[in-house]
Amino acid sequence: MGDGGKELIRQAAELLKKYFGYDTFRKGQEELILAILSGQDVLGIMPTGSGKSLCYQIPALVMPGITLVVSPLISLMKDQVTALNQAGVHAAWLNSSLTPNQYARALFYAEQGRYKIIYVAPERLLTDSFLRFASRADISMVAVDESHCASQWGQDFRPGYLKIPDFIRLLPRRPVVSAFTATAARKVQEDIQVILRLRQPKVVLTGFDRENLYFEVRHPKKKKADLLEIVERHKGESGIIYCSTRKTVEEIHQFLFAGGCPAARYHAGLSDAERAGNQEDFVYDRLPVMVATNAFGMGIDKSNVRYVIHYNMPKDLESYYQEAGRAGRDGEPAECILLYGKKDVAPAQMFIESSPREDLDDVQRLTILERERERLKKMQYYCLTKDCLRAYILDYFGDQASDHCGNCSGCLNEYEEIDVTEACQAVLSCVWESRQRYGASVILDALKGRSTAKTVQYRLDHLPQFGALERWDMGLLEQAVNFLAVEGYLDITTDRYPILRLSRKGREFMEEPCLLTMKKQIVKQTMKNGAAGGKRSAGFGAGAAGVNAGGVLLDDLAGEQNALFLRLKELRMQIAREEQVPAYIVFNDKTLVQMALRQPATKAQLLEISGVGTRKLEKYGDRFLEVLNGTD
Ligand code: ADP
Ligand code: MG
């Protein structure tokens, strides 16, 4: 880096502390900021919660003129603009939620140069009034947030994004164009560059790992009991529970209420007004828990979500990672727990099979159907694997990963290796002998020697394998079938009634059997009350594999500090109410935890806390010091 570069970074670091209160850049931020400030287009591909906004907000403050941020959702704009104004940066949003009068006034102020950063919906760009403004204004950058919306390959395609390059061409001077997304798919990343006509962009890809997230899959006998245990363990903290249908949302919502855990709910069956109200209750911490279908979440920047539970398995890992990724945006430890049940598979399958896909021809429809079936299978295998879940996810997205993260149930559960060679041989040969026409339950019934309507009707009771595994435990045999599928010996078809078939690997094993061992989870007696908690802190506390470097644990607060933390939270809530902003926009949890731990006594010491910038120090410093010094 040349001297010029160093100077720019020094300047950027100063702004980072002044406006946002942070001391160091996160991965990728410095590189992107430097490129933008050197006049280069950029494409930043970083996971949710990694801090993409700062990558354009800080350059916007350094560069002369105005930065336009194209953003797809009103809620996203609102959140960011509120946060910026709180931090002392002049920002505004222009979208359909403004009345014509408000809109005209905002444009008037914009023309006067009142705002450094203006958020705008893509559909606004080519309107007359906006173009008139833009042609006279000094626009130094157009930042395209959630830029995957430009690609038809993504789930969130938004035609308005296609107009961005037309708009840029109409400007008197071409500004720097920066684009940001968390999308993993290569195809989408290429699309963004082409569609937005980025000029030799600096592409920064930081990898998709979210180190602060703990991943867990459970196979509960009673999902509700597990759900309640998790929610109660997180009492007072923010969490999201995703369910696959409206009906389940209603049911769980009721169940939590009855169990004394008030929650908000969100699904497409509610009126717009109720949805908006419920979302606000959640964002403003009036209700800590949100029970929702996947209709909820896009545009939720709430940074202090401590856990995301999936009550049902989603249809693919893309959806899962996006939804689970709404936990822990503040970088603090957070949990992503999936409660898997065999019954989750069929509805996901139905959903895929019955998608209309009207605008496609037959070949396209089949190709897409096949892809979605394949994705569902990978999702199911995620639920079945006993190995490192993080490694599984990162591998799926084509990212590098070690095979042991130390912060997921795969790594932290205790297992014993058991020899399943005999069982696997019997399963595979029974599948083969019965001509690969039946599903797992029929095959296992036959192996157990059960004369059921089906085993008799299909004459499986005549097979040599009938009753061969009589002494094996059924649960263990089910695990063995899953094991064979995940390891690629068996293929479970994606039909409505899934059928077992031998893969090439399975046939090879039949010809030349070798020792097969499978991990069997050792279930501790203490599981119900606290094993999960203990497991979690084992993962976090040990900081295994460098997880959470620098992160402070809420759980680590000693009694007295905890009391202080609660008082700080109370003050934050009070301020949030006065200013009518969500609490996390005043200070996030991490900042309050730091205060409780380090107990700064002066303004200078308070400024050293991550998340306390000059501007917020001026506004709130005295009030927080009063609580910290016990003089409130
Ligand atoms: P993304 O858009 O990538 O999902 P955001 O820009 O919304 O993520 O940032 C997520 C959170 O991380 C915000 O609360 C933000 O203040 C915080 N953050 C961003 N950069 C830093 C940093 N360098 N140090 C500490 N926190 C940061
Ligand atoms: Mg963002």
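As shown above, the structure is provided for reference.
An account of the accompanying structure is given in this report.

### Some details on the pattern of salt bridges
Thought 1: Counted under the stated rule, the structure contains 40 salt bridges.
Thought 2: Notably, a salt bridge pairs Arg174 with Asp41, separated by 2.8 Å at the nearest N-O pair. Linking Arg174 in the loop between α7 (164–169) and β6 (176–181) with Asp41 in the loop between α2 (29–37) and β1 (42–45), this pair joins segments that are 133 residues apart in sequence.
Thought 3: Using a relative accessible area of 3% as the deciding quantity, one classes Asp41 as buried.
Thought 4: Between Lys377 and Asp491 there is a salt bridge, and its shortest N-O distance comes to 2.9 Å. With a gap of 114 residues between them, Lys377 in helix α14 (residues 362–384) and Asp491 in strand β15 (residues 490–492) connect regions that are remote in the sequence.

### Structural notes on the site of ligand 1
Thought 1: Ligand 1 sits among 14 residues. The nearest are Tyr22, Gly49, Lys52, Ser53 and Arg329.
Thought 2: Arg26 places a side-chain nitrogen or oxygen 3.1 Å from a nitrogen atom of ligand 1.
Thought 3: Between ligand 1 and the protein, one listed contact pairs an oxygen atom with a side-chain N or O atom of Lys52 at 2.8 Å.
Thought 4: In terms of residue count, the dominant contributor to the shell around ligand 1 is helix α3 (residues 52–62) (three residues).
Thought 5: Residue classes in the shell around ligand 1 are distributed as four nonpolar, seven polar and three charged.

### Things to note about the pairing of β1
Thought 1: Taking every second residue as pointing to the same face, both faces of β1 are buried, with Val42 and Gly44 on one and Leu43 and Ile45 on the other.
Thought 2: The sheet contact formed by β1 and β6 spans four bridges and is parallel. Residue pairing across strands places Val42 opposite Ser178, the latter belonging to β6.
Thought 3: Pairing of β1 with strand β7 (residues 202–205) involves four bridges; the strand directions are parallel. Pairing of Gly44 across the sheet is with Val204, part of β7.

### Things to note about the sheet that holds β1
Thought 1: In spatial order, the strands read β3-β4-β2-β5-β6-β1-β7; together these seven strands make up an open sheet with parallel pairing. Looking along the sheet, the strands with just one partner apiece sit at the ends: β3 (91–94) and β7. Sheet twist, expressed as the average angle between the axes of neighbouring strands with direction ignored, equals 15°.
Thought 2: Packing of helix α4 (residues 74–87) onto the sheet brings it into contact with β3 and β4 (117–120), and relative to β3 it is tilted by some 165°.

### Focus on the sheet that holds strand β9 (residues 238–242)
Thought 1: Strand order in the open sheet formed by six strands is β8-β13-β12-β9-β11-β10, with parallel pairing between adjacent strands. Of all strands in the sheet, those with a lone pairing partner are β8 (213–218) and β10 (263–266), marking the two edges. Taking the axes of each pair of neighbouring strands and ignoring which way they run, one obtains an average angle of 15° across the sheet.
Thought 2: Relative to strand β13 (residues 334–339), β8 runs parallel, the two being bridged by six bridges.

### So, unusual backbone geometry
Thought 1: Even without being glycine, Asp285 reaches a positive phi, approximately 60°.
Thought 2: For Arg459, which is not a glycine, the phi torsion comes out positive at approximately 60°.
Thought 3: By the secondary structure assignment, Arg459 is in the loop between α19 (453–457) and α20 (474–486).
Thought 4: Classification of Arg459 by relative accessible area gives exposed; the value is 54%.

Procedures and definitions
- Residues numbered from 1 in each chain as written.
- Chains lettered and ligands numbered in written order.
- Predicted model: local features only at pLDDT ≥ 70, side-chain atom pairs only at ≥ 80, totals over all residues.
- Heavy atoms only, no water.
- Salt bridge = Lys/Arg side-chain N within 4 Å of Asp/Glu carboxyl O.
- Helix = DSSP H or I, 4+ residues; strand = E, 2+ residues; numbered from the N terminus.
- Buried < 20%, exposed > 50% of the residue type's maximum accessible area, 1.4 Å probe, protein only.
- Near = heavy atom within 4 Å.
- Polar contact = N/O pair within 3.5 Å; in protein donor to acceptor, adjacent residues only side chain to side chain.
- Nonpolar A, V, L, I, M, F, W, Y, C, P; charged D, E, K, R; others polar.
- Pairing = 2+ DSSP bridges.
- Axes fitted to C-alpha atoms, helices over the stretch in contact; angles between N-to-C directions.
- Contact = heavy atoms within 4.5 Å.

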